[in-house]
Amino acid sequence: MNLPVRNLPAPSLPVRVARWSAGHPWRAIVGWFLFVAVCLGVGVSIGSNPATTKDFRVGEAGRAEAMAAAGGLQQRPVERVLITARPGTGPLDTVAAEAAAQDAAGRMRGLPHVLSVTDPIRSTDGTAVRVDVTLDVEEREGPDHVAPLQARTAEVQQAHPDVWVAETGSPSISKGVNHQRGEDLSRTEMIALPVTLLTLLFVFRSAAMAAVPLLLALSSIAAAVGLSTLASHVFPDAGVGTNVILLIGLAVGVDYTLFYLKREREERARSGGRLTSQAVVELAAATSGRAVVLSGLAVAVSSATLFLADDVIFASIATGTIVVTLVAVASSLTVLPALLVKLGARAERRAERKATRAAHRDRSVRAKQPRTGAGRIISALLRPTSRHPAATLVVSVLAMLALALPLLGINLTDMGRETHSRAIPAMRTYDRLNLAFPELKSMHQVVVRADPGLADEVTGALRDLERRAVTDPALAGTAELRTSPDRRISMIEFPVPHYVSDDAAQDSLDRLRKDYVPATVGRLAGAETAVTGDVARYADYPQHQMDKLPLIVGALLLVTFAITVGAFRSVVLGAVGIVLNLLSAAASLGVLVWVFQGRWAEGLLGFTSTGSIGSRVPLFLFVILFGLSMDYQVFVISRIREAVLRGVPTRMAVLDGVRSSAGVVTSAAFVMMTVFASFVGLHIIEMKQIGFSLAVAVLLDAFVVRIMILPALMLLLGRASWWPSRGAGRVSSTTTTDGDGVPVSQPLKNVG
């Protein structure tokens, strides 16, 4: 049966793609999985382009590192073999320890990529001996070459059982962290995938329909992983790209498919079997297909603002998010209609068989209707909104602001090495090493660049700096001065017996930069100075993020506003979207600060509080949440707009639109929350914070913002919600076409 139409415009791209896919289902299905295979194959054959050490340089610390590297004085990866007494055996046997240290040094000297090996070094308290092994590779490449060193250390331990021999250092710690992250992600997938499948089974009551979103999400992730390796040759991979693709890909992949599937089932039920599967799919494409495109565009464009951070990690996050989002959109528009047609045809055949059997038995078959509208919980939330929108708005906003209050006390820091899990063997050795040799906890490096003719003056000034700094209680040990072969670059290194996060270490950096350097080498005309080192890196990275934050947030607000206005022709809704997204982000960050900067939730969530939030978390949350929030906003407002365009009064359109979209929004939110919350189980504190904050943000956005605050606002604004658009609310109720040129579904009683 054909629905009445009037003035049909040309179909939009989602409709045209869906029409072709529905008409050629096997071509679309085979073509999609060939596309996934090609993406993976090309990605594997070409390989990724990992970020190098220079890609991570930011701030004054990064400038100093670049100067040092120009003179061949860059920091090299160092492994340290530590020899201590076995627990319960009394004081260290210095003879046995010395023999083990000499053995370790001898075994290490013959290995590839070993630049230097020190003689055994004794701790001042006589409890340990160590051997330092420096590699001749970049700092970021250390983990790739540490395995032979670890094997030699194991041999030394076997040869000297009377002492405890272990190894630690940046390469072995990084290798341990990477291994632990891989195990964590595997465990996360084992949790997220079954829970997602169970959620979809609950939503659709059909194993086949539940499998479709998961299948498309996983295939989108696979294709995105392959494509991201290609993209890494433009935007180097900082090692987080795959993590982001898994995190975002499963969430948006399931969400976009869920939006489409739910709409297709509604249209099929509403038509009462009077429309073919292809026609039903086209209806879904004209409505939910359009919403998916807008949502995907919003996530991609919002994520692109992370490139403004001028940081390789955020560039890698942006690349992974954009690629997996666009691939997920493509899967929903191309292969999903084909799958729906095949599933629809199977359902029709099954219905025909049931009808035939029932006819033989003189019985009628009652078709199962998909559950639509709001459930009891959503209805309960909507009841005060519909009856008392002003009061609901005030109470909801005040509650969100109360959750945001802890944000005023946020303490942003870079997460130092000492925050890694002690389940990593190298971290346990790291603790013992720092106990015996506290001067190794961190360091300052002052780098000077000047003409070779000033080399002697630079050396004298640095020695003066050393004399001033030697009395500083926050510094320890002997300073080391080095000069490049061409005498242009000089660097002096000061040991710091404090972890980078300690106040004493940060205070010593301030004194070095503000007092000691300006009073010595800072006075030399023609000399350029900068301070780097572990402490400086820790301090400069969060500051770099704070400096970029206004630019990124400003761009984010602008693009979000532009997308909303472009989608709904409403400046008011654009402004409303910005305010609500800011409210969601602020509330979720406030909850994050309350949980992770305190200690009360340590046992509950399995972490040790650093009293701070990772410097990357707020920016990541703002950008990703703004994009993901558009999923719900576009879907809900699209439903409301459809009703308004049919001539339904705004009040009724708002309530009906929220009710009709509530089921899919809450189901999608539950899937997202499950995926994000599964990251709370990770050992890496920053990933744990990101997963927690995103899960809270999605919960608040779906249940408070989109079901209470947004409809309350639109009820109060009325037709002003659509300003300055003149079309909303003035379309005749007989109009049955969407702007995509496809008949907009009507209740059956209106079908002629």
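Residues numbered from 1 in each chain as written. Predicted model: local features only at pLDDT ≥ 70, side-chain atom pairs only at ≥ 80, totals over all residues. Heavy atoms only, no water.

*Asks:* Just to check I follow, could you spell out helix 15 (residues 455-469) for this structure?
*Replies:* Think of an α-helix as 3.6 residues a turn; residues three or four steps apart then line up on the same face. The first and last C-alpha atoms of helix 15 sit 21 Å apart over 15 residues, in line with the 21 Å expected at 1.5 Å per residue. What helix 15 keeps buried is the set Ala455, Val458, Ala461, Leu462, Leu465, Glu466 and Ala469. Looking down the long axis of helix 15, one finds its buried residues gathered within 150° of arc, a one-sided arrangement. Residues of helix 15 that are exposed and point more than 90 degrees away from the buried face comprise Asp456 and Arg467. Looking at the packing, one finds that the buried side of helix 15 touches strand 7 (442-449), strand 8 (480-483), strand 9 (489-496) and helix 16 (503-519). (Helix = DSSP H or I, 4+ residues; strand = E, 2+ residues; numbered from the N terminus. Expected span 1.5 Å × (residues − 1). Buried < 20%, exposed > 50% of the residue type's maximum accessible area, 1.4 Å probe, protein only. Arc of directions from axis to C-beta. Contact = heavy atoms within 4.5 Å.)

*Asks:* Would you mind showing me how to read a negative patch on the surface here?
*Replies:* Judged by side-chain charge, Asp503, Asp507, Asp510 and Asp515 come together as a negatively charged surface patch. Note that Asp515 resides in helix 16. (Patch = residues over 30% accessible without salt bridge, like charges linked within 9 Å, V, L, I, M, F, W, Y side chains within 5 Å. Areas by Shrake-Rupley, 256 points an atom, 1.4 Å probe, with all protein chains shown as cover. Salt bridge = Lys/Arg side-chain N within 4 Å of Asp/Glu carboxyl O. Lys, Arg positive; Asp, Glu negative; His and termini not counted. Charge placed at Lys NZ, Arg CZ, Asp CG, Glu CD.)

*Asks:* It is not clear to me how the pattern of salt bridges should be interpreted in this structure. Could you clarify?
*Replies:* Across all of its chains, the model carries 29 salt bridges by this definition. Between Glu139 and Arg537 there is a salt bridge whose closest N-O contact spans 3.1 Å. Remark: Arg537 occurs in helix 17 (residues 534-568) and Glu139 occurs in the loop between strand 4 (128-135) and helix 5 (147-159); sequence separation between them is 398 residues. We classify Arg537 as partly exposed; its relative accessible area is 26%. One salt bridge connects Asp486 with Arg488, and the closest N-O pair in it is separated by 4.0 Å. Assessed through its relative accessible area of 39%, Asp486 is described here as partly exposed. Three or more residues joined by partner-sharing salt bridges are found here, namely Arg57, Glu65, Glu139 and Arg537.

*Asks:* What's the story with the nonpolar core in this structure? I'm lost.
*Replies:* Generally speaking, soluble globular proteins have nonpolar side chains that are buried together. Formed by 159 residues in total, the largest nonpolar core has its most connected members in Leu247, Tyr260, Tyr632, Ile640 and Phe676. When near neighbours in sequence (up to four residues on either side) are disregarded, Phe676 contacts Leu247, Ile248, Ala251, Leu628, Gly691, Phe692, Leu694, Ala695 and Val698. (Core = buried A, V, L, I, M, F, W, Y, C linked by side-chain atoms within 4.5 Å.)

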